[in-house]
Amino acid sequence: DMTITLTPEAEVEIDRVNEIPAEQAGRKDNRPTVLVVEDNPDMLTFVVRQLSRDYTVLTGTNGAEALKVLDGNYVNLVISDVVMPVMDGFELIEGMELGADAYIEKPFSVEYLQACASNLIQNREKLRQAFAESPFIAANTMALTKADEEFIKRLNEVIQINYANPEFSMDDMADNLNMSRSNF
């Protein structure tokens, strides 16, 4: 077993107003955005510090906070603890109406977490590009996970039902998919 002890000088100060590490506040870049949901302040700080070099990191301390962050921000990946107060990680997944793409038990290897995050984001980008190039391709030929397949099927259903409605908007599409416009 490996124990990781965080020392005060190794901690990342979190700017709670912007929900990103303070050293990144005001910095604009094209890095993917990751939401880290963790109720333990030391673990939250540790994970944010590990990911903030490669990602813009938003934070929440429970599932309910995470849903609020998701409602106002475009997020490429959610990394969530399972056991948390108010709303746990399983309830968060249900609230997002999506499945989990990966499950990593604590304690975890930082390198493994970073590799999983990178692979999941790269796979989503490949899926997005494939869908943008061929929007009517069968969902099961391009979906990378069961959650992707279900999302694409639902997206196609909503499009088919509403394609002739000139009043149907992006907001309507997002609502039909139970997503905020920014996440859609």
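Residues numbered from 1 in each chain as written. Predicted model: local features only at pLDDT ≥ 70, side-chain atom pairs only at ≥ 80, totals over all residues. Heavy atoms only, no water.

A. Structural detail: the pattern of salt bridges. Counted by the stated rule, this structure contains 4 salt bridges. The partner of Lys106 in a salt bridge is Glu38, with the nearest N and O atoms 2.8 Å apart. Of this pair, Lys106 sits in the loop between helix 3 (89-96) and helix 4 (110-133) while Glu38 sits in the loop between strand 3 (33-37) and helix 1 (41-51), placing them 68 residues apart in sequence. Here Lys106 falls in the partly exposed class, since its relative accessible area comes to 41%. The buried category is assigned to Glu38, whose relative accessible area is 5%. Several salt bridges share partner residues, and in doing so they unite Glu38, Asp81 and Lys106 into one network. (Salt bridge = Lys/Arg side-chain N within 4 Å of Asp/Glu carboxyl O. Helix = DSSP H or I, 4+ residues; strand = E, 2+ residues; numbered from the N terminus. Buried < 20%, exposed > 50% of the residue type's maximum accessible area, 1.4 Å probe, protein only.)

B. Layout of the nonpolar core. Core analysis: the largest hydrophobic core is formed by 16 residues, its most contacted members being Val34, Val36, Val47, Leu51 and Tyr55. Of the residues forming this core, the biggest block, 5 residues, is contributed by helix 1. Residues within four places of Val47 in sequence aside, it is in contact with Val36, Phe108 and Leu113. If you look at the next biggest cluster of nonpolar residues, it comprises 10 residues, including Ala66, Val69, Val75 and Met87. (Core = buried A, V, L, I, M, F, W, Y, C linked by side-chain atoms within 4.5 Å. Contact = heavy atoms within 4.5 Å.)

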